[in-house]
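Analysis of the macromolecular model
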Amino acid sequence: MLDLPPTDRVRDAFAELTGSVDHLVRPPGVGSVRETVRRRRQRRLGATAAAAVAVAGVIGLAQLPPLDRPAVDLADPPPAATTLAPSVLLPPFAPPTAAAGQSRPSATPTAPGGGEPAYSAPPPTQPVGTTNGPPPCTSTVTASAKGTELVISAGPVCAGDEIAVSWVTYETQPDGSQKLFASDRHLLTAARPRVTATLRESPKCVGPWYVLRADPPIPSTLPADAVEPFPSGAIVASEDGEICLS
Amino acid sequence: MPDKPDFAEFYAAWFRPLTHQLFAHTGDLAEAQDVVQEAFCRAWPRWSTLDDPGAWVRRVAWNLATSRWRRARRLLHLTRGAREEHSAGPGPDRVALRAALASLPERQRQAVVLFYLADVSIAEIAELTGAAEGTVKSWLHRGRAALALRLADDDVTASQEVRSA
C-alpha cells in the first residue's frame, strides 16, 4: 500500500470510508420531503393569517368613531364650519381626495401560493341612527411564487385607488447577515390589479425574499439575528433563503 | 442535454452520494443525512425552475453543513472559554481517513472531499467556495499531501505493531 502514489492511496481511502457507512445511510424518502414542505406551507399560511387578523383588527379599531365625538351622518352632513372631518369614518390612510362614504381598501396579506384570503376587514361600524353608505370596498393582496416567477394581485382594487407593493431579495453574507440584492416596486390599480415579476436572486448566496405592501422601509442590510426585519402587517409573502458558504 | 429526471429519480440517485460527501466533511452521519434531506426539501418547491438540480442541492447541503458546523464550533468555543479548535469533526475513528480528514483545516477538507468524492472540478469548487482557482489548487495540494502523509503514517505504525507483535 505504501508504494501507491499518494492520490491513489487517498482515493482508496475515500472508497473505503464511504463503503464503511453506506449500509447505515437511511434516506427518509421523497414522501418525507413532500410532507415537510406541505407542513411548512401550512405553518406559513397560519402565521401570515394571524398577522393579517392583527392588522385588520387595528384598522377596524381606527375606523371606530371616538366615543366623545358626535356621530357624523353621512347622508346629511353638518355645515362645513362645524362638521368633523369626514375621515372620522374613513380609515386613517384615506387620501384627502377620497369621497366621503367611499371606503379605502385594506390590503390583506395572504400566504404565498395563492391561498385563500386569510381575512377580510369587516366593514366600518356605523353609528346608530345614521344612514348606511355604500358597502365598503376592501381589497385583498396576494402573492404567489413558483421558483423565481412571482405573481402579485389584488382583488378588487377600489376605483381610484393605488396599492403599492414591492418585492425584495437579499444575498446571504458569510457572517450570516443579509445584504439587499434587488427590489422593485409596483402599483396595483383597478385597471391593473395583477403584476408578474421575476425575483432577481443572488447567483451565489440566495437569501430570503419578501413581497411587501404599503412601502415599508427596506433595510440595505439585515443583521444575522434579525427576527422581524419588516412590520408583520407589511409582509404579503416571504420565503427563507439558504446560507452562504464562504 | 439529457432530460431532467423526475424528483423521485433525482432523490434516489443523489441522496447517498451527497450524504457520503457530507459525512466525510462533518464526521457525523446523522448530521449529514439531516442537511442532505433539508436540501432536498428546499429543492422540491422550486424543482421546475432548477436547471442543474444536482449542483443546486449539493451547494445548499454544503452551505447548511458549513453553517451548522460553524455554529456548533462557536458554541463549543464559548463553552470552552478562549480555546479555539483548529478543525472540526470527529476524533480518531476506526476508519483512518476520518481521523486524517478531521486533522485538516475546514477549507482543505472541503476541497478534498468535493474533489475526490463528488468529482467536482477545481473551477466548480472555486465557484462554490467563493475562492480563486489558484487558492483551491493550493488547498487540494496541501490537503492531499497531508492526507497521504497521515495515511502512510498509519500504515507504518500498523506494520511496526505487526512486526513487534
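Thoughts on the overall build of chain B
Along chain B, the regular secondary structure elements total seven helices and zero strands. If you list the helices and strands of chain B from N to C, you get α-α-α-α-α-α-α. Put simply, chain B has 165 residues, and 38% of those count as buried.

A look at the overall build of chain A
Assigned secondary structure in chain A consists of two helices and eight strands. Each helix (α) and strand (β) of chain A, taken in turn from the N terminus, gives the series α-α-β-β-β-β-β-β-β-β. Buried positions account for 30% of the 246 residues belonging to chain A. Of all intrachain contacts in chain A linking residues separated by at least 6 positions in sequence, the fraction that spans at least 24 positions is 66%.

Overview of the sheet that holds strand 7 (residues 221-222) of chain A
All names here are of chain A. Judged by pairing direction, the sheet is antiparallel, and its five strands sit side by side in the order 7-4-3-6-8 without closing on themselves. For this open sheet the edge positions go to strand 7 and strand 8 (235-239), each flanked by a neighbour on one side alone. When strand 6 (residues 206-213) meets strand 8, the two strands line up antiparallel, connected through four bridges. Counted as the bridge partner of Val211 is Ala237 from strand 8.

A word on the sheet that holds strand 2 (residues 149-155) of chain A
All names here are of chain A. With antiparallel pairing, three strands are arranged side by side in an open sheet as 1-2-5. The open sheet has two edge strands, strand 1 (140-146) and strand 5 (194-198), and neither has a second partner. In this sheet, neighbouring strand axes are inclined to one another by 15° on average, regardless of whether the strands run parallel or antiparallel. For strand 2 and strand 5, the ladder comprises five bridges, and the chain directions are antiparallel. Along strand 5, the bridge assignment pairs Ile152 with Val195.

A look at the confidence of the model for chain A
Averaged over chain A, the pLDDT score is 66; the fraction of residues at 70 or greater is 53%. Here residues 66-130 of chain A scores under 50 on pLDDT; set against residues more than four positions off or in separate chains, the count is 123 contacts.

Re the packing of helix 1 (residues 7-26) of chain B against helix 5 (residues 106-117) of chain B
Relative orientation and spacing of two packed helices are given, respectively, by the angle between their axes and the distance between those axes. All names here are of chain B. Relative orientation of the contacting elements helix 1 and helix 5 amounts to 150°, with a least axis distance of 9 Å. One element, helix 1, and the other, helix 5, form an angle in the roughly antiparallel class. Taken as a pair, helix 1 and helix 5 cross one another with a handedness that is right-handed. The residues of helix 5 that touch helix 1, namely those facing His20, Gln21, Ala24 and His25, are Arg109, Gln110, Val113 and Leu117. The residue inventory of the contact of helix 1 with helix 5, partitioned by class, reads three nonpolar, four polar and one charged.

Quick word on the interface of chain B and chain A
Listed as interface residues are 43 residues of chain B and, on the opposing side, 34 residues of chain A. Here the side of chain B that touches chain A takes nine residues from helix 1 of chain B, the largest share from any one element. Residues that form the side of chain B that touches chain A fall into these classes: 26 nonpolar, eleven polar and six charged.

Overview of the environment of Ala61(B)
All names here are of chain B. Its place among the elements puts Ala61 in helix 3 (residues 53-79). Sequence-wise, Ala61 and Ala32 are 29 residues apart; in three dimensions their C-alpha atoms are separated by 8.5 Å. Setting aside chain neighbours within four positions, we find Ala61 in contact with Leu18, Leu22, Val35, Val36 and Ala39.

Brief notes about unusual backbone geometry
Residues and elements named next belong to chain A. Following Gly155, the chain continues into Pro156 via a peptide bond in cis, with omega recorded as -20°. The residue Ala214 is not glycine, and still its phi comes out positive at about 70°. By the element assignment, Ala214 lies in the loop between strand 6 and strand 7. Residue Ala214 is classed as partly exposed on the basis of its 16 C-beta neighbours within 10 Å. A positive phi angle is found at Asp215, which is not glycine, with a value near 50°. Counting through the fold element by element, Asp215 comes out in the loop between strand 6 and strand 7. Taking the C-beta count within 10 Å as the criterion, Asp215 has 11 such neighbours and is therefore assigned exposed.

What counts and what doesn't
Sequence order as written defines residue numbering, which begins from 1 separately in each chain. Lettering of chains starts at A and numbering of ligands starts at 1, both following the order in which they are written. This being a predicted model, a pLDDT of at least 70 is required before a residue's local features are given, and a value of 80 or more before pairs of side-chain atoms are given or counted; all residues contribute to the totals for chains, interfaces and linings. Counting from the N terminus, the helices are DSSP H or I runs at least four residues long and the strands are E runs at least two residues long. Any residue with 12 or fewer other C-beta atoms within 10 Å of its own C-beta is exposed, any with 20 or more is buried, and the rest are partly exposed; the C-beta atoms used are placed from the backbone. Think of it this way: build a C-beta for each residue from its backbone, and any pair within 7 Å is a contact. The pairing criterion for strands is at least two bridges between them, as found by DSSP. Orientation is described by axes fitted as lines to C-alpha atoms, over the contacting stretch for helices, and by angles from 0 to 180 degrees between their N-to-C directions. A residue's pLDDT is the predictor's confidence in that residue, given on a scale from 0 to 100. Orientation labels follow simple angle bins: below 35 degrees gives roughly parallel, above 145 gives roughly antiparallel, 65 to 115 gives roughly perpendicular, and whatever is left gives oblique. Crossing chirality is assigned from the near helix's rotation relative to the far helix, an anticlockwise turn below a right angle marking it left-handed and a clockwise turn marking it right-handed. Nonpolar residues are Ala, Val, Leu, Ile, Met, Phe, Trp, Tyr, Cys and Pro. Charged residues are Asp, Glu, Lys and Arg, and all others, Gly as well, are polar.

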